[in-house]
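# Topology and contacts: notes
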Amino acid sequence: MASHGISDKVAIVAMGCTRFGELWETSTEDMLVDATQQALTGTSLAIADIDAYWLGTLGSGQSGLTLSRALGTDHKPVTRVENYCATGSEAFRNACYAVASGAYDRVMAVGVEKLKDSGFSGLLRGDPPGDGTAPELSVTAPAAFSMLDPAYCAKYGIEPGLMRDSMTHVAWKNHVNGARNPRAQFRSEVSKEKIAKAPKVAGRLGVFDCSGVSDGAACAVIVRAEDAYEYTDRPVFVKALALAAGPGRGAMDPGYDFTSFPEVGRSAREAYAQAGISDPRAAVSLAEVHDCFTPTEIVLMEDLGFSSPGQAWKDVLAGEFDADGTLPVNIDGGLKSFGHPVGASGLRMLFEAWLQLRGEAGDRQLTDPHTALTHNLGGRPGACVSFVSIVGRERG
């Protein structure tokens, strides 16, 4: 595979992120202005200094005009991208490559989504026309991801009650983390008993096993690595960017068993190769992963190489991925507690990495983190896209 990466060639020098939630009185334009102003405040940069923009949104805008109109960008190029729930990460990836190529000096990646006013949710969506041979489109997202739970139990001989405990721990952990995050959609801790007994949505997935539907925006300013210290004394350097789009045949493939995301494994291995990482569990200080549903986070721990196959549920219950564990995962609350406005989520994950690596995460600040991984998934088991980024505090 001829993917050479751009390790340490570009850096993030500013970031912004709105509060996520049911922002009924806040428009898409309001969120774009809020996130970008946050990013530029305290820097020497203004909107006029940004050479080009990449805008990620699933359904809150149909062209670059969504951003240029809101920010008054004076005819600067704005590229609108979309890649399911990995949309924000796609904006970031393209913006980084634009700088690394030498095409631009300073660019901004922006992700935004206004879901609460749209009627869009995991139970209601619009699919493109097809020929009827894509059976995964006939079920909702919660139903599709609920299949991970029984499949995982069957493959590894796990008693369903233990798997339920592990899923409960994921939700409990992420709500504990989100309760310490002023930007999170859900800022209350939830007891394990309440999580386990919550009304069911699909399969054994209860209300607290599913991420919320929310509004929000986030953005990042990217420059060449050698120029980074001109804009901030604590830049964050991009070590790896990997995207994998699967063949999308999982639901029809008798060999697919719903216990892994092959696209995640592929993108993770590519990212580790770009960053020169051989032992991700030891090399990564924190991870922000796509916990759209609690069993998803469990499976991702194995696909990302943080747990051995069939062992992630045990590592979860042992607290390995808690805030005080050996590898904190979703320290900002994740999709589960922070919320999931589709176009913004990938950049929100990077925003937490930015805060942690700069020592600005407040009550949830980790001790001396140096490397962060973000993982963003779009689609569903058997038919998805997967993005992995690795960023670090020091330039190699």
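Residues numbered from 1 in each chain as written. Predicted model: local features only at pLDDT ≥ 70, side-chain atom pairs only at ≥ 80, totals over all residues. Heavy atoms only, no water.

Where an unreviewed UniProt entry is consulted, the protein appears under the name Acetyl-CoA acetyltransferase, with the organism given as Gordonia westfalica.

When helix 5 (residues 148-156) is considered as a whole, its buried residues turn out to be Leu148, Asp149, Ala151, Tyr152 and Cys153. At its buried positions, helix 5 is contacted by helix 4 (141-146), helix 6 (160-178), helix 10 (294-303) and helix 11 (312-317). The positive-phi residue at the C-terminal boundary of helix 5 is Gly157, with phi of around 65°. (Buried < 20%, exposed > 50% of the residue type's maximum accessible area, 1.4 Å probe, protein only. Helix = DSSP H or I, 4+ residues; strand = E, 2+ residues; numbered from the N terminus. Contact = heavy atoms within 4.5 Å.)

Moving on to the packing of aromatic side chains. One pass over the structure, following the stated rule, counts seven aromatic pairs. Both rings, one in Phe145 and one in Phe261, keep their centres 6.2 Å apart while their planes meet at 35°; by these two values the pair is tilted. Of this pair, Phe145 sits in helix 4 while Phe261 sits in the loop between strand 8 (236-245) and helix 8 (262-275), and the two are 116 residues apart along the sequence. For the pair shown, Phe145 and Phe261 are each scored as buried. Geometry around Trp172 places Lys192 over its ring, the cationic atom sitting 4.6 Å from the centre. (Phe/Tyr/Trp six-rings, centres within 6.5 Å; stacked < 30°, edge-to-face > 60°. Lys NZ or Arg CZ within 6 Å of the ring centre and 35° of its normal.)

Within the secondary structure, Leu366 is located in the loop between helix 13 (345-358) and strand 10 (371-380). Judged by relative accessible area, Leu366 falls into the buried class, the value being 13%. Distance from Leu366 to Leu286, taken between C-alpha atoms, is 8.6 Å for residues 80 residues apart in sequence. When residues no more than four places from it in sequence are discounted, the contact partners of Leu366 are Ser285, Leu286, Ala323, Pro328, Ile331 and Gln356.

In this section: the sheet that holds strand 8. What holds strands together in a sheet is hydrogen bonding between their backbones, with the strands either parallel or antiparallel. With mixed pairing, nine strands are arranged side by side in an open sheet as 3-2-4-7-1-8-11-10-9. If you trace the sheet from one side to the other, it starts and ends with strand 3 (78-81) and strand 9 (286-288), each paired once. Ignoring strand direction, the axes of neighbouring strands in this sheet form an average angle of 25°. Most of the contacts of helix 8 go to strand 8, to which it runs at about 150°, and overall it touches strand 8, strand 10 and strand 11 (383-392). Its contacts with the sheet put helix 13 on strand 1 (10-17), strand 4 (106-114), strand 7 (215-224), strand 8, strand 9, strand 10 and strand 11, and the angle it makes with strand 1 is roughly 105°. (Pairing = 2+ DSSP bridges. Axes fitted to C-alpha atoms, helices over the stretch in contact; angles between N-to-C directions.)

Bringing the pairing of strand 2 (residues 52-56) into the picture now. A regular strand carries its side chains on alternate faces of the sheet. Within strand 2, five of the five residues are buried, leaving the element largely enclosed by the surrounding structure. Residue alternation in strand 2 divides its side chains into two sets, Ala52, Trp54 and Gly56 and Tyr53 and Leu55, and both sets are buried. Two strands pair when backbone bridges link them, and strand 2 and strand 3 are joined in this way by four bridges, in the parallel orientation. Bridging across to strand 3, Leu55 finds its partner in Arg80. Read as a crossover between parallel neighbours, the route from strand 2 over helix 2 (residues 65-71) to strand 3 is right-handed. (Right-handed = clockwise from strand over helix to strand, strands pointing away.)

For the rest of this paragraph, the subject is the UniProt feature "domain: Thiolase C-terminal" (unreviewed entry) in the protein. Summarizing the sequence annotation, UniProt attributes the feature "domain: Thiolase C-terminal" (unreviewed entry) to residues 257-380 in the numbering used throughout. Within residues 257-380, the helical portion is 43% and the strand portion 10%, while the C-alpha atoms at the span's ends are 13 Å from each other. (UniProt positions renumbered as here; feature names shortened; annotations may be inferred.)

Summarising the element assignment, Asp149 is placed in helix 5. For the pair Asp149 and Gly61, spaced 88 residues apart in the sequence, the C-alpha separation amounts to 35 Å. With sequence-adjacent residues up to four places away left out, Asp149 is seen in contact with Met163, Met167, Arg204 and Pro295. Reaching out from Asp149, the side chain makes a polar contact with the side chain of Arg204 at a distance of 2.7 Å. (Polar contact = N/O pair within 3.5 Å; in protein donor to acceptor, adjacent residues only side chain to side chain.)

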